[in-house]
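Structure assessment
Below are the chains, spelled out letter by letter.
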Amino acid sequence: MSHNPVRPWRNIERRKSRQIMVGSVPVGGGAPISVQTMTNTDTSDVKATLAQVIAAADAGADIVRVSTPDQASTRALREICRESPVPIVADIHFHYRRAIEAAEAGAACLRINPGNIGSAERVREVIKAARDHGCSIRIGVNAGSLEKHLLDKYGEPCPDAMVESGLDHIKLLQDNDFHEFKISVKASDVFLAAAAYQQLAEATDAPIHLGITEAGSFVAGAVKSAIGMGALLWSGIGDTIRVSLSADPVEEVRVGYEILKSLGLRTRGVQIISCPSCARQGFDVIKTVEALEERLSHIKTPMSLSIIGCVVNGPGEALLTDIGFTGGGAGSGMVYLAGKQSHKMSNAQMIDHIVELVEQRAAAIEKGAQKPVDADL
């Protein structure tokens, strides 16, 4: 639960779910909401795939999924899993042998729909492999690939059809006494996905993986994901998320974290609060924020930074941030520390100065210091 006794209107009461493990990462049961992405390299190219996994992990990904459509991919998976800094999920669709090979290769989780891989015997073989090798399973229902009998029954993809599909797959696992699973009911339509997830949350206590699938390009997909997943997370639904973008996987991670940070559900790195800029600005806000985002990307310690172009909103925003800078006149502005005016700084030196302040503040936080950094650098 995200709980704020001072500002109760910010509280989010998270849905109670049981907990599973994806490798070393707990999912559900009150654990922090984990951020996932998926590689888009040829998985058989170990070097390229590992490079993408490591870049995603450096950006904050807790879990990374890779596609394993063939034997070359599952052979490569052994080295990928061994060298990866985060748990690897193997994406399986129809071939049960790929699932068994992925489990044997060290995958932490199998993304699979049990009903799509053939006979009951094949399902049992996959479950045995998962159990023997400590794999969890994600049931991944997608509006674009619902079973024919459900489409015939309901006429089109709809929340009832998606949830029925998910519960059918859950039963296959539970009938084999396998309970280490999470589930998703994704759609590219925000309304359909949200309604399906709301219904699913009432139907099972399994951890829920959130996503708006095939959301689109970086900007369009980020907006759709923020609307769909943001509304669900705000209502307490969701234990792990993936933002699906036609973009670099690192961007998926960044957007995912921004969604969680905006709701106070995860904190990582510097959250910059900045104005859109206008004729009142005392410095170039847009270029300053771009430069600070790049230069502060290495900071993992949670903290807040306000960059406001003028004194209209600047002092008020600075009151609620660790460090702030508000534009003034004559080529300088005011630096705020812990919400209070501290000292003036020239616009020309401001970026370097703020980077130094943030780095010093991060070091102090990591050492457990409670006082704001000394402004006298």
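Described in the following lines is the structure provided in the data block. (Residues numbered from 1 in each chain as written. Predicted model: local features only at pLDDT ≥ 70, side-chain atom pairs only at ≥ 80, totals over all residues. Heavy atoms only, no water.)

1. So, the sheet that holds strand S5 (residues 88–91)
Quick reminder of the rule: In this scheme, strands are said to pair when DSSP sees at least two bridges between them. The way it works is that DSSP assigns letters per residue, a run of H or I at least four long becomes a helix, a run of E at least two long becomes a strand, and they are numbered from the N terminus. Here, residues are in contact when the closest pair of their heavy atoms is within 4.5 Å. Note on definitions: angles span 0 to 180 degrees between N-to-C directions of axes, and those axes are lines fitted to C-alpha atoms, for helices only across the stretch in contact.
The parallel open sheet is built from eight strands, whose spatial order is S8-S7-S6-S5-S4-S3-S10-S9. Lying at the two open borders of the sheet, with one neighbouring strand each, are strand S8 (181–186) and strand S9 (209–210). Taken strand by strand, helix H7 (residues 190–203) contacts S8 and S9, and its axis lies near 150° from that of S8.

2. Regarding the packing of helix H10 (residues 285–295) against helix H12 (residues 347–366)
Rules: By convention the crossing between two helices is left-handed if the near helix lies anticlockwise of the far one by an angle smaller than a right angle, and right-handed if it lies clockwise. Gly falls in the polar group here, along with every residue not listed as nonpolar (Ala, Val, Leu, Ile, Met, Phe, Trp, Tyr, Cys, Pro) or charged (Asp, Glu, Lys, Arg).
At a closest axis distance of 11 Å, the pairing of H10 and H12 adopts a crossing angle of 35°. Here H10 and H12 pass one another in a crossing that is right-handed. Contact residues: Thr288, Ala291, Leu292 and Arg295 in H10; Met350, Ile351, Asp352, Ile354 and Val355 in H12. Of the residues assigned to the contact of H10 with H12, the class counts are six nonpolar, one polar and two charged.

3. Thoughts on the pattern of salt bridges
Applied cut-off: Basic side-chain nitrogens of Lys or Arg form a salt bridge, by our definition, when they fall within 4 Å of a carboxyl oxygen of Asp or Glu. Classification of residues uses two cut-offs on accessible area relative to the type maximum, computed with a 1.4 Å probe and protein chains only: under 20% is buried, over 50% is exposed, and between them is partly exposed.
Under the criterion given, the structure shown has 18 salt bridges. Of the charged contacts in the structure, one is a salt bridge between Glu83 and Arg82, with a shortest N-O distance of 3.6 Å. The class of Glu83 is partly exposed, set by a relative accessible area of 44%. The partner of Arg361 in a salt bridge is Asp322, with the nearest N and O atoms 3.5 Å apart. Separated by 39 residues along the polypeptide, Arg361 in helix H12 and Asp322 in the loop between helix H11 (314–318) and strand S13 (323–327) bring together distant segments of the chain. Classification of Arg361 as buried rests on a relative accessible area of 13%.

4. Description of the sheet that holds strand S11 (residues 270–274)
The sheet built from five strands is open, its strands ordered S11-S12-S13-S14-S15 with mixed pairing. Every interior strand has two partners, whereas the edge strands, S11 and strand S15 (340–346), have only one. Going from strand to strand, the sheet's axes swing by 20° on average, the running direction of each strand aside. The pairing of strand S14 (residues 332–337) with S15 spans six bridges and is classified as antiparallel. Its bridge partner being in S15, Met334 is matched across the sheet by Lys344. In this fold H10 packs onto S11 and strand S12 (303–308), with an angle of close to 160° to the strand it touches most, S12.

5. Details of the side chain of Lys182
If you trace the backbone, Lys182 turns up in strand S8. What Lys182 contacts, discounting residues up to four positions off in sequence, is Ile20, Val22, Val27, Gln36, Cys109, Ile137, Arg138, Ile139, Pro207, His209 and Thr240.

6. Here's the deal with the environment of Ile208
Inspection of the secondary structure puts Ile208 in the loop between H7 and S9. Separated by 126 residues in the primary sequence, Ile208 and Arg82 place their C-alpha atoms 27 Å from one another.

7. Description of the packing of helix H3 (residues 96–105) against helix H4 (residues 120–132)
The geometry of a pair of packed helices is captured by two quantities: the angle between their axes and the separation between those axes. Defined as follows: Angle categories are assigned with fixed cut-offs, so that under 35 degrees is roughly parallel, over 145 is roughly antiparallel, 65 to 115 is roughly perpendicular, and the rest are oblique.
Two elements in contact, H3 and H4, have axes whose closest approach is 8 Å; the angle formed by their N-to-C orientations is 10°. Taken together, the axes of H3 and H4 are roughly parallel relative to one another. Contacts between H3 and H4 pair Tyr96, Ala99, Ile100 and Ala103 from the former with Arg122, Glu125, Val126, Ala129 and Ala130 from the latter. Residue composition of the contact of H3 with H4, grouped by class: seven nonpolar, no polar and two charged.

8. Focus: helix H2 (residues 71–83)
Where we set the bar: Multiplying one less than the number of residues by 1.5 Å gives the expected span of a helix. Fitting one axis to the seven residues ending at a residue and another to the seven starting there, the bend at that residue is the angle between the two axes.
Over its 13 residues, H2 extends 19 Å from the first C-alpha to the last, a length consistent with the 18 Å expected when each residue adds 1.5 Å. Along H2, the largest kink reaches about 30° and is centred on Leu77. Of the surrounding elements, those touching the buried residues of H2 are helix H1 (46–59), strand S4 (63–67), S5 and H3.

9. Thoughts on the layout of surface pockets
Here is the rule: Cavities and pockets were defined on a 1 Å grid built over protein atoms only: a cavity is a set of grid points that admits a 1.4 Å probe from which the probe cannot escape, a pocket is an open set flanked by protein on both sides within 12 Å along at least five of seven lines, and lining residues are those with an atom within 4 Å of any such point. Grid points are joined across faces, edges and corners, and a volume is the space filled by probe spheres set on the points.
The space that makes up the second largest pocket amounts to roughly 620 Å³. Around the second largest pocket, the lining is made up of 24 residues, and of these Arg254, Glu258, Lys261, Glu293 and Ser297 lie nearest the centre. When residues of the lining of the second largest pocket are traced back to their parent elements, those giving at least two are H1, helix H9 (249–262), S11 and H10. Grouping the constituent residues of the lining of the second largest pocket by class yields 11 nonpolar, four polar and nine charged.

10. Some words on the environment of Lys148
With respect to the element layout, Lys148 can be found in helix H5 (residues 148–154). Judged by its relative accessible area of 61%, Lys148 falls in the exposed class. Lys148 sits 183 residues away from Gly331 along the chain, and the two C-alpha atoms are 67 Å apart.

11. Describing the nonpolar core
Threshold: By nonpolar core is meant a set of buried Ala, Val, Leu, Ile, Met, Phe, Trp, Tyr and Cys residues that side-chain atoms within 4.5 Å join together.
Counting 79 residues, the largest nonpolar core has Leu77, Leu110, Met162, Leu210 and Leu233 as the members making the most contacts within it. A per-element tally of this core places H7 first, with seven residues. Not counting residues within four places of it along the chain, the set of residues in contact with Leu210 comprises Lys186, Tyr197, Met229, Leu232, Leu233, Ile237, Gly238, Thr240, Ile241 and Arg242. Val270, Val285, Met303 and Ile354 belong to the second-largest nonpolar core, a separate cluster that totals 21 residues.

12. Remarks on the state of the cysteines
For the record, the criterion: To count as a disulfide, a pair of cysteine sulfur atoms needs to be within 2.5 Å.
Applying the stated rule across the entire model yields zero disulfides. Considering cysteine sulfurs only, Cys310 is the nearest to Cys278, which forms no disulfide, with 5.6 Å between them. For Cys278, a relative accessible area of 37% translates into the label partly exposed. With a relative accessible area of 12%, Cys310 lands in the buried category.

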